[in-house]
Each structure stands twice: as C-alpha cells, then as structure tokens.
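The primary structure of each chain is shown beneath.
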Amino acid sequence: MNRNQDQKSHHLIRGIILIGFMLLLFKLILTNNISLLIAPKMVHFIYFTLFILLILGVVLVLSGTSKENYRYDCECANHHSYPPTFFKSLFLYSLFIIPITTGFLFSDHVLGSSVVMNRTIKLGAYSQDSISKNTNALSPSNATSSNPSSNDPNADLSAEKPDPISETEYSALEKKLLQEKKMIINDDLYVPMMNIIQDHQSSMIGKTITTKGFVYREKKSMQDQIIVARFGITCCVADASVYGIMAQGNVARLPNDEWIQVTGTIGQTIYDGASIPIIKIKQVKKIPEPKNPYVYDMGVRID
C-alpha cells in the first residue's frame, strides 16, 4: 500500500469515528437519555455538535474513498504524522471506537450512593450565599403542593429547559415558604427551596415537608437516620453535586439507592458541628426511580 493510499485509509477510519460519535449523540437525544449526562441548558450545544461531526465525518469519508491522489502533508515537522504501524493505529483508534461501541451496547448509568461516598454532601443545600447559587426560573407558585407533578415520581421533567430564577422570584418563593405550614419539594425548584429551608431553619421548625430522593447512609449515621439525596447538575454529570436533607424514623431496613418519598415535620440537629434541618418522618414510601433522577442548579438571575 503506497503512502497516499495509507493516508486515505486513516481519513476513512477517522470519518467513520466522527460519524459514530454523531450517531451516538443522536441516539441519546432520541431516547432522552442525554438528560442523564448534561443539564438541559447545554442541549442546544449538542445539536450544533451533531452538525459539525456530520460535516467533518462526511468530508473525511469522501476523502478516504476518493480515487483522486491528494497531497496530505502539512509540512509541520511530522507533528501531525499518522501512526506508523498497524498496532499503533489499532491502539489509537480503539480509544475512540470502544466508547462509541459501549455507548450503543450498554444502558446509561444513573449516579448513586457509590459516587456520593467520594463527594461532599450539601445537607439543606447551601447555607451561605444562597441567593447566588440557586436553580430554575419557574414561577414560585409551581413550588407548592398545587404543582401536579410534585407527587408524581414518574413525572418526566427531562423536557424542561430551566433558566435561572430571578431575584424577585427567589424572594417571592422565600416569602411563600415562610408563610406556609406545608411544603412539597419538587424537582423544578429543589435547590432554592433547600437553600431557603437551610437559611431559615428556626422559622421552618414544625412545618410539614414532603420530598423524594434516594437513600444514602454515612458510616457514622445512626440506624434510624438516612439522607434523602439528589444529584444536582450545573453543566454535566462530571460536576454533579450531592444535595440532600437528613431524615429520622423507621428506616433501618431501607437499603442504599432505594428511591423513597418522605413526609414529616422539620426539626433541627447538629451535624459536624453545624446546625442542619432534619425531617422527623411520619410517612415513608418506596417509589420508582424518576425518568429524570437529577435536579438542576441553574443560578439566580439579577433583576
């Protein structure tokens, strides 16, 4: 095989790899599993990426299958040279082919308690600077029990495209939660609601709360204590943070990663020397894992 033909083979393989990545992203979008990897605000970048990968892939495939002889040398001192041997080529292209293949063959993994062990848990979300670190631009009225999706663990929220909540909306939500005796923590406003509960613990004591998440236990936790946890995403799963609220009650038999909905009254406890909210459980029930198990930390928009 002459040098020109060898370079065409590399172009063909690289074009197929780019088209493979494009098809993998397309599959994730069609199945809506893209929401398990990135925040909704990033999805429009994926559409742009699909277009670029398709164009580059087609160009390389056409170049690799063309009968014309082209000059491929870029005259840059061999810095852009092709792998000189078959085994080096096999190793290089396997680094790209294997992820594409596994992406098609295996189901997408949802983060769970095994990941939590390696990250800091934000109990009650942020206790400081909460006004600058909250989520979603849905109306505060959607955060209360009037939201029909609040009690539906199967509600598909992955189609939502949340924007940052405004300071005005955050303040209105804060005022509403302080006035209400019952609250339901839903996915749309999970982070700001947790912020408000943390920042106004003394005012929240005795209020009834309903929340859902997966079970997580730390080694030092008592048998009747669990953390009802959620993963919050800002951009993608690589930056996922762990949010949660401690709960106490008849939970000794609940295994890690079990999805539950908890209802109880808010109290206070000390954890690692700091005061945090805790749910005194009145009712706990197992629920199916939501279609979109993550919540999104989108920030607060300055009015």
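Above this note sits the structure.
Residues numbered from 1 in each chain as written. Predicted model: local features only at pLDDT ≥ 70, side-chain atom pairs only at ≥ 80, totals over all residues. Heavy atoms only, no water.

A.B. asks: Please explain the pattern of salt bridges as it appears in this structure.
C.D. replies: If the charged atoms of two oppositely charged side chains come close together, the side chains can form a pair. Under the definition given, this model contains 1 salt bridge. A salt bridge links D187 to R230; the shortest N-O distance between them is 3.0 Å. In this pair, D187 sits in the loop between β3 (182-184) and α6 (190-199) while R230 sits in strand β5 (residues 225-233), placing the two residues 43 residues apart along the sequence. (Salt bridge = Lys/Arg side-chain N within 4 Å of Asp/Glu carboxyl O. Helix = DSSP H or I, 4+ residues; strand = E, 2+ residues; numbered from the N terminus.)

A.B. asks: I'm lost on helix α2 (residues 43-65) in this one. Help?
C.D. replies: Note on helix geometry: an α-helix contains 3.6 residues per turn, so any two residues three or four positions apart are oriented the same way. The terminal C-alpha atoms of α2, which comprises 23 residues, lie 33 Å apart, in line with the 33 Å expected from a rise of 1.5 Å per residue. Where α2 is concerned, the buried positions are V43, I46, L50, L53, G57, S63 and G64. (Expected span 1.5 Å × (residues − 1). Buried < 20%, exposed > 50% of the residue type's maximum accessible area, 1.4 Å probe, protein only.)

A.B. asks: When you look at the packing of aromatic side chains in this model, what are you seeing that I'm missing?
C.D. replies: A complete count under the given rule lists 3 aromatic pairs for this structure. Ring plane angle 15° and centroid distance 5.7 Å describe the contact between F214 and F231, whose orientation is recorded as stacked. Here F231 lies in strand β5 and F214 lies in strand β4 (residues 208-216), a separation of 17 residues in the sequence. A relative accessible area of 1% places F231 in the buried class. Put simply, the rings of F214, F231 and W259 pair up and form one aromatic cluster. We note R230 situated over the ring of Y190; from NZ or CZ to the ring centre the distance is 5.8 Å. (Phe/Tyr/Trp six-rings, centres within 6.5 Å; stacked < 30°, edge-to-face > 60°. Lys NZ or Arg CZ within 6 Å of the ring centre and 35° of its normal.)

A.B. asks: In this structure, what is going on with the packing of helix α5 (residues 167-179) against α6? I would like to understand it.
C.D. replies: Two quantities define a packed helix pair, namely the angle between the helix axes and the distance between the axes. In contact at an axis separation of 10 Å, α5 and α6 are set at 55° when each is read in the N-to-C sense. Comparing their axes, α6 and α5 come out oblique. Remark: the crossing between α5 and α6 carries right-handed chirality. Touching Y170, L173, E174 and L177 of α5 are P192, M193, N195, I196 and D199, all from α6. Of the residues contributing to the contact of α5 with α6, the split by class is 6 nonpolar, 1 polar and 2 charged. (Axes fitted to C-alpha atoms, helices over the stretch in contact; angles between N-to-C directions. Parallel < 35°, antiparallel > 145°, perpendicular 65-115°, else oblique. Left-handed = near helix turned anticlockwise from the far one by under 90°. Contact = heavy atoms within 4.5 Å. Nonpolar A, V, L, I, M, F, W, Y, C, P; charged D, E, K, R; others polar.)

From the geometry alone we can't say anything about function, so treat these as descriptive.
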